[in-house]
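Structural characterization, general
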Amino acid sequence: MAASGRRGSQIGLAPGALVHVGEKKVEKVVIRVLAYNSETLIERQLEKVEECLEFKDQPDLNLWIDVDGLDRVDIIGKLGSYFNIHPLTLEDILNTRQRPKTEDYDSYIYSVLKMILLDKENKEITIDQVSIIIGSNYVLSFQERDGNVFDQMRERFENPASRLRKSGVDYLAYGLIDTVIDNYFLILEHFGDKIEYLEEGLVLHPRPETLRTIQKYKRDMITLRKSIWPLRELINGLQRVESDLIKETTRIYLRDVYDHTIQVIDTVEDFRDILSSMVDIYLSSISFRMNEVMEVLTVIATIFIPLTFISGVYGMNFKYMPELNWRWGYPTVMFAMILLAVSMFIYFKKRKWV
């Protein structure tokens, strides 16, 4: 089937029909193969998906196939047929609108989660889907783009004494999931610095731009929460799945990942609460500044009320007003007005109204 960016393209199709739902995020699909055991390491980038068959039937080697790019439906379909992956699983891999979850298909375990990346140019977060299939001696991982997040995992394979080389593919799957979740901490650290900087300037210089930034961060937190909250269910599913594909030694590490997930969720919730309180602080700061302005204007208006009265009286120009013909009338009235204004200001100052 042709790739499509809309969920509605699946309407009317049979269950398991392979249609790409999402954006095309790579120019060319990249397939990487890593075959390993404690003594051997083979790493290769394939030109054709058929080349992975060379490694498939080698029971003494563990196999990791990583696919970057999901728009080539034919590649996903061929991999599915080579490893006997259920069509519903392939459909979920191609549908990038999936909610994080874990499913046990007896011969393999399928997990899908969200990779959160930070676009360094426009400082926006992007969310990609990562699908992981754990088989008897293989792991298949599918990403929407080459985010280089798993590069550190590949570097660890170069050490023959590393736990990755000595353990099974279930530990590799744990490592991939742990890498995705650890990346959340980098994103949250970025937001933590931004929120702290925003909070410092909020009280001193509240501006409309500040409120817009707060609202943007609140939307980002909602997006993060939608991607992160279901991870608890995903990790719990891997811990409790009754399958020999997950060894007891790996379940211990999954509990550690679960703790990390809870920590990430708590941090997101804390940020949401802080941002909500920052909106209240912004409104209070604006109100306080408005009150200060109104206080100054009120004092000025109060001082000028009697002065306006005096000037109004002597502006009536009646013929028989004694002070109009008095030589010292004008300077006397001006002196009285100045004296009255200064006296009122001193009084307001003593009462701490200004």
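Residues numbered from 1 in each chain as written. Predicted model: local features only at pLDDT ≥ 70, side-chain atom pairs only at ≥ 80, totals over all residues. Heavy atoms only, no water.

1. Re the pairing of strand β4 (residues 101-104)
Bridge count for β4 against strand β5 (residues 109-119) is four bridges, and the pairing is antiparallel. Bridge assignment links lysine 101 to a residue of β5, and that residue is valine 112. (Pairing = 2+ DSSP bridges. Helix = DSSP H or I, 4+ residues; strand = E, 2+ residues; numbered from the N terminus.)

2. A short note on the pattern of salt bridges
By the definition in use, this model includes 19 salt bridges. Between lysine 28 and glutamate 47 there is a salt bridge; the shortest N-O distance is 3.8 Å. Taken as a pair, lysine 28 in the segment before β1 (30-36) and glutamate 47 in the loop between β2 (41-46) and α1 (53-56) lie far apart in primary sequence, 19 residues in all. According to the relative accessible area criterion, glutamate 47 is exposed, its value standing at 59%. Arginine 154 serves as the salt-bridge partner of aspartate 151, at 2.9 Å between the closest nitrogen and oxygen. With aspartate 151 and arginine 154 both in helix α4 (residues 151-157), this residue pair falls three residues apart, about one helical turn. Taken together, the shared-partner salt bridges in this structure form one network comprising Lys25, Asp128, Glu144 and Arg145. (Salt bridge = Lys/Arg side-chain N within 4 Å of Asp/Glu carboxyl O. Buried < 20%, exposed > 50% of the residue type's maximum accessible area, 1.4 Å probe, protein only.)

3. Comments concerning the sheet that holds strand β6 (residues 124-134)
Strand order across the open sheet formed by seven strands is β2-β1-β3-β7-β6-β5-β4, with mixed pairing between neighbours. Looking at strand neighbours, the two that pair on one side only are β2 and β4, the edges of this open sheet. Each adjacent strand pair in this sheet contributes to an overall mean axis angle of 15°, direction not counted. Alignment of β1 against β2, held across six bridges, turns out to be antiparallel. (Axes fitted to C-alpha atoms, helices over the stretch in contact; angles between N-to-C directions.)

4. Points about the pairing of β5
Among the 11 residues that make up β5, nine are buried, leaving the element largely enclosed by the rest of the structure. Hairpin connection from β4 to β5: four residues lie between these consecutive antiparallel strands, with aspartate 106 at a positive phi of about 70°. The pairing of β5 with β6 spans 11 bridges and is antiparallel. The partner of isoleucine 109 across the bridge, within β6, is isoleucine 134.

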